[in-house]
Each structure stands twice: as C-alpha cells, then as structure tokens.
Amino acid sequence: MVSWSDGVEYAPTERPDGFAMPRTSPLELPAKALSPADGHPDAAPSTYHDAPGRRPLETLVPSSGPRRDPHAAFSAGPPDGFASSSFDPRAPMATTAVLDAPVFEPEPLQWEPEPAPAEPRLGVPAAEIANAVGVPLLVCLAVGTALWMLAFPLLVLGLVLVISQPERPLSPRLRAALAVASASALVLGFLVNVMDDSLYSMGRYSQLGCLVCLGLGLWWGWRQLVPQR
C-alpha cells in the first residue's frame, strides 16, 4: 500500500485532525551552558571598602630622597677626579699618565734561496739504462729474441732474476710483464696452437714475449732516469 512517502501525488488531499505520537522516547534536551555570571550580583557595587589591616598605598614605596626641579636646566660639571674650579668644558682633557709606546725588535729574516730546478736530461747513457733494468735480464731477453729455441727458458730465467731482486724500482713492472709473457707463450703454444709443432709454436711466442719485455724494460729505464717536466 502506497503512502505520502512514495511521492507527492500520494499525499492526502484533506488536512488531518491530529497527529499520532511517535513510538519512540522523546529527545534529550541539551545541557544548559554555564555562564560566568552565575552566582554574582547583577549590578556593580556603589561603594568600595578597604580590607581591614591593609596599609595605604603611599606607604608601600619608600621615598627616594630629595628630588630635583624638572623645570631647572642641567649644569655641566667636571668629570670625576678633576677640580670643579679649574675645569673648562671647552678645553681638551689632559691625561694623568702617558704610556710609553711598545718597542718591537724585528727578528732577523732567515731566508735560503731555493735550489735551481734540475734541467731535463734528454740524452741518457746506455750504461745507466742497463744498470737500471739489470744487465743479466737484458742479456737473457736479447738472446731469447734472437734464438727461438731458447726463448722460453730465458723468459722464465728473466722472471726468476727479477723476483730475486725486489729492491730495484722497476722490479714490480718487469715482474708483471715477464709473468704475462710466459703464461701467454704456454697458453698460445699448447692450447691455442695453429702450427704443427707445439714446441716450435711456444718458442715463437716466447721469442715475441722476449722482444716485448726487452722494449718495455728499456723504455721504463729511460723514463726513470729522465726527469719529468
């Protein structure tokens, strides 16, 4: 059954005589807000009375002594420590003591001339380069470069010579170069062999390794003896 809540067209056309009470409990009224004026008189008092035993206000602050007339002009007086009879405010003030200026004695300069820069040496004797690299090592590499059948043993011998002389400045670099050359000759001669004879292939690769290590040793020796700019 439809009612007025289903639409305007279903609303009754005649006004009802009364309304039925709802079937719910009445709503709760909100609590009354507290007012700051609750419990206080409605009007201000007409007279005021001091509390018994209260001191007058003028007795709370003691007197600061004699007071000057605010209408009187200020008089310029001498500063503290000067006589008032001989003081002239327009005259310069004299100091009571004269401080001596500090005397500074200059210390003697200690200067030494800078050493002259070393001139670059372009031409280095071959004997100095050979001593920097090592004469036995150069002989082994030179013979290994010329004879392929002795190249690998001489390459290993040169590595042993460099390892036995760790105090030389070029030993770390030469040791790394000789180790790489020896390992490469073994790998290329036996594992990556493109020739018929493995020993012949290893000798040729060792000969190439001796030549490369000989060139690197001479270059590193010359770079060590020539001062860099």
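Residues numbered from 1 in each chain as written. Predicted model: local features only at pLDDT ≥ 70, side-chain atom pairs only at ≥ 80, totals over all residues. Heavy atoms only, no water.

Concerning the overall build of the protein chain
Logical step 1: Assigned secondary structure in the protein chain consists of five helices and zero strands.
Logical step 2: Going from N to C terminus, the protein chain has its helices and strands arranged as α-α-α-α-α.
Logical step 3: In the protein chain, which comprises 229 residues, the share counted as buried stands at 18%.
Logical step 4: Contacts in the protein chain between residues at least 24 apart in sequence constitute 61% of all its contacts with a sequence separation of at least 6.
Logical step 5: Accessible area for the protein chain stands at about 19,900 Å²; split by element, carbon and sulfur atoms hold 63% of it. (Helix = DSSP H or I, 4+ residues; strand = E, 2+ residues; numbered from the N terminus. Buried < 20%, exposed > 50% of the residue type's maximum accessible area, 1.4 Å probe, protein only. Contact = heavy atoms within 4.5 Å. Areas by Shrake-Rupley, 256 points an atom, 1.4 Å probe, with all protein chains shown as cover.)

Some points on empty space enclosed by the protein
Logical step 1: Going through the model one piece at a time under the given rule, you end up with one cavity of 30 Å³ or more.
Logical step 2: Within this model, the largest cavity holds a volume of roughly 90 Å³.
Logical step 3: Contributing to the lining of the largest cavity are V133, G134, P136, L137, L161, V162, Q165, R168, L170, S171 and L174.
Logical step 4: Sorting the residues of the lining of the largest cavity by element identifies α2 (135-146), α3 (151-163) and α4 (171-191) as the ones contributing at least two each.
Logical step 5: By residue class, the composition of the lining of the largest cavity is seven nonpolar, three polar and one charged. (1 Å grid on protein atoms, 1.4 Å probe; cavity = no way out; pocket = protein on both sides within 12 Å on 5 of 7 lines; lining within 4 Å. Points joined across faces, edges and corners; volume = space filled by probe spheres on them. Nonpolar A, V, L, I, M, F, W, Y, C, P; charged D, E, K, R; others polar.)

A closer look at the packing of aromatic side chains
Logical step 1: In total, this model carries one aromatic pair according to the counting rule given.
Logical step 2: Aromatic pair W148 and Y200: ring centres 4.8 Å apart, planes at 80 degrees, arrangement edge-to-face. Remark: Y200 occurs in helix α5 (residues 198-225) and W148 occurs in the loop between α2 and α3; sequence separation between them is 52 residues.
Logical step 3: For W148, a relative accessible area of 26% translates into the label partly exposed. (Phe/Tyr/Trp six-rings, centres within 6.5 Å; stacked < 30°, edge-to-face > 60°.)

Points about α2
Side chains three or four residues apart in an α-helix point the same way, a direct result of the helix having 3.6 residues per turn.
Logical step 1: Taking 1.5 Å of rise per residue, 12 residues should cover 16 Å, and α2 covers 17 Å from first to last C-alpha, within 8% of that figure.
Logical step 2: Listing the buried residues of α2 in full gives L137, L138, C140, L141 and G144. Projected onto a plane normal to the axis of α2, the buried residues spread over an arc of 160 degrees and lie on a single side.
Logical step 3: The elements touched by buried residues of α2 are α1 (126-133), α3, α4 and α5. (Expected span 1.5 Å × (residues − 1). Arc of directions from axis to C-beta.)

Some words on the state of the cysteines
Logical step 1: Evaluated as defined, the whole model comprises zero disulfides.
Logical step 2: Unpaired in terms of disulfides, C210 finds its nearest cysteine sulfur in C213, a separation of 6.9 Å.
Logical step 3: C213 gets classed as buried once you look at its relative accessible area, which sits at 4%. (Disulfide = S-S within 2.5 Å.)

Considerations on the side chain of S182
Logical step 1: In this fold, S182 is placed in helix α4.
Logical step 2: Looking at S182, the relative accessible area reads 8%, which means it is buried.
Logical step 3: Residues contacting S182, with those up to four places away along its chain left out, are F152, L155 and V156.

Side note on the nonpolar core
Logical step 1: Core analysis: the biggest nonpolar cluster contains 18 residues, and V133, L137, L141, L155, L174, L178 and C213 have the highest contact counts within it.
Logical step 2: Within the residue set of this core, elements represented by two or more residues are α1, α2, α3, α4 and α5. (Core = buried A, V, L, I, M, F, W, Y, C linked by side-chain atoms within 4.5 Å.)

A look at the side chain of Q207
Logical step 1: In this structure, Q207 sits in helix α5.
Logical step 2: What makes Q207 buried here is its relative accessible area of 15%.
Logical step 3: Within the structure, the side chain of Q207 is placed 2.6 Å from the backbone oxygen of T145, a separation counted as a polar contact. (Polar contact = N/O pair within 3.5 Å; in protein donor to acceptor, adjacent residues only side chain to side chain.)

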